[in-house]
Amino acid sequence: ITVLSILPICQPAPATRGDQRRVSYNDISLTRTGCFGPCPIYTVVYRRDGTVTYTGERHVDHVGVREGRIGKAVFADLAQFVERSGFASLDTHYRAGGTDRATTTVTVTQLDGRTVSVSEYGRSGPPQLWVVQRVIDGMLPDVQWRAPSASETAATPPGPTIHGAGYEGIVMSAGAWTPSAAD
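Residues numbered from 1 in each chain as written. Predicted model: local features only at pLDDT ≥ 70, side-chain atom pairs only at ≥ 80, totals over all residues. Heavy atoms only, no water.

Undergrad: Is there a simple way to explain the sheet that holds strand 4 (residues 64-69) in this structure?
TA: Backbone-to-backbone hydrogen bonds pair the strands of a sheet. The strands run either parallel or antiparallel. If you walk across this open sheet you meet the eight strands as 5-7-6-1-2-3-4-8, and the pairing is mixed. Pairing within the sheet leaves two strands with one partner each, and these edge strands are strand 5 (93-95) and strand 8 (144-145). The pairing of strand 6 (residues 103-110) with strand 7 (residues 115-121) spans seven bridges and is antiparallel. Residue pairing across strands places Thr104 opposite Glu120, the latter belonging to strand 7. Together, strand 1 (25-32), strand 2 (41-47) and strand 6 form the strand contacts of helix 1 (residues 72-84), whose direction differs from that of strand 1 by roughly 75°. Along the sheet, helix 2 (residues 127-138) contacts strand 1, strand 2, strand 5, strand 6 and strand 7; its crossing angle with strand 1, the most-contacted strand, is approximately 100°. (Pairing = 2+ DSSP bridges. Helix = DSSP H or I, 4+ residues; strand = E, 2+ residues; numbered from the N terminus. Contact = heavy atoms within 4.5 Å. Axes fitted to C-alpha atoms, helices over the stretch in contact; angles between N-to-C directions.)

The following block contains the structure:
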């Protein structure tokens, strides 16, 4: 499968009456774990109600929790994209050889509470998994982040840049995420 063969899933969903699209997930999350080097360690969770939580642990400029919001229609677009990608039919684990690689896990919680998780160690999954991961990360600029309190600002650097081999840097300010020149 090539990336070009999965591009049709990137097309917007057809509008329905009142543009109320069926959303089959309560939340969608992406977690990146560490490696022996500077792999970024963080989790981002997008919820059906439009709330977003980012938790940075290591090798990001912002260590700690940030809360924000996206439009419910934006979440609906993400949910439909993940569903149309065939995510639920992927294997639950993909593993590359070696011992110094990060793991990336995408988890969706369905409306009935069941979860589907796909973990990838060392970028070993199929192209559509990579695309889903990139779309989830790529939504960070759409989040309207709550401004940190004075104590949060004093305790952490001004915004998280996600560092690590093969990752585009992402810097978060109080309002939005923007590409980082650090990488």
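Undergrad: Honestly, the state of the cysteines in this entry has me stumped. Any pointers?
TA: Should the sulfur atoms of two cysteines be covalently bonded, the bond is a disulfide. Here the structure, examined in full by the defined rule, presents one disulfide. Between Cys35 and Cys39 runs a disulfide, and the two sulfur atoms are separated by 2.0 Å. Residues Cys35 and Cys39 are joined through a disulfide that is right-handed, its torsion about the S-S bond being 95°. Taking the relative accessible area as the measure of exposure, Cys35 reaches 18% and is therefore buried. (Disulfide = S-S within 2.5 Å. Buried < 20%, exposed > 50% of the residue type's maximum accessible area, 1.4 Å probe, protein only.)

Undergrad: How should helix 2 be read in this particular structure?
TA: Residue pairs three or four apart in sequence face the same way in an α-helix, which turns once every 3.6 residues. Between its terminal C-alpha atoms helix 2 stretches 16 Å, which fits the 16 Å expected from 12 residues at 1.5 Å a residue. Within the sequence span of helix 2, burial applies to Gln128, Leu129, Val131, Val132, Gln133, Ile136 and Asp137. (Expected span 1.5 Å × (residues − 1).)

Undergrad: What's the story with the confidence of the model for the chain in this structure? I'm lost.
TA: Segments scoring low in pLDDT should not have their predicted coordinates read at a detailed level. Residue-level pLDDT values for the chain average 78, and 69% of them are 70 or greater. Residue range residues 1-19 is modelled with pLDDT below 50. Its contacts to residues more than four positions away, or to other chains, number 19 contacts. Contacts for the low-pLDDT stretch residues 156-183, under 50 throughout, to residues beyond four places or in other chains number 91 contacts. (pLDDT = per-residue confidence, 0-100.)

Undergrad: Where do I start with helix 1 in this structure?
TA: Here helix 1 is 13 residues long and its end C-alpha atoms lie 18 Å apart, about the 18 Å a rise of 1.5 Å per residue gives. Burial in helix 1 covers these residues: Phe75, Ala76, Leu78, Ala79, Gln80, Phe81 and Val82. Check the buried side of helix 1 and you find it contacts strand 1, strand 2, strand 6 and helix 2. Immediately downstream of helix 1, the backbone of Gly86 shows phi near 85°, a positive value.

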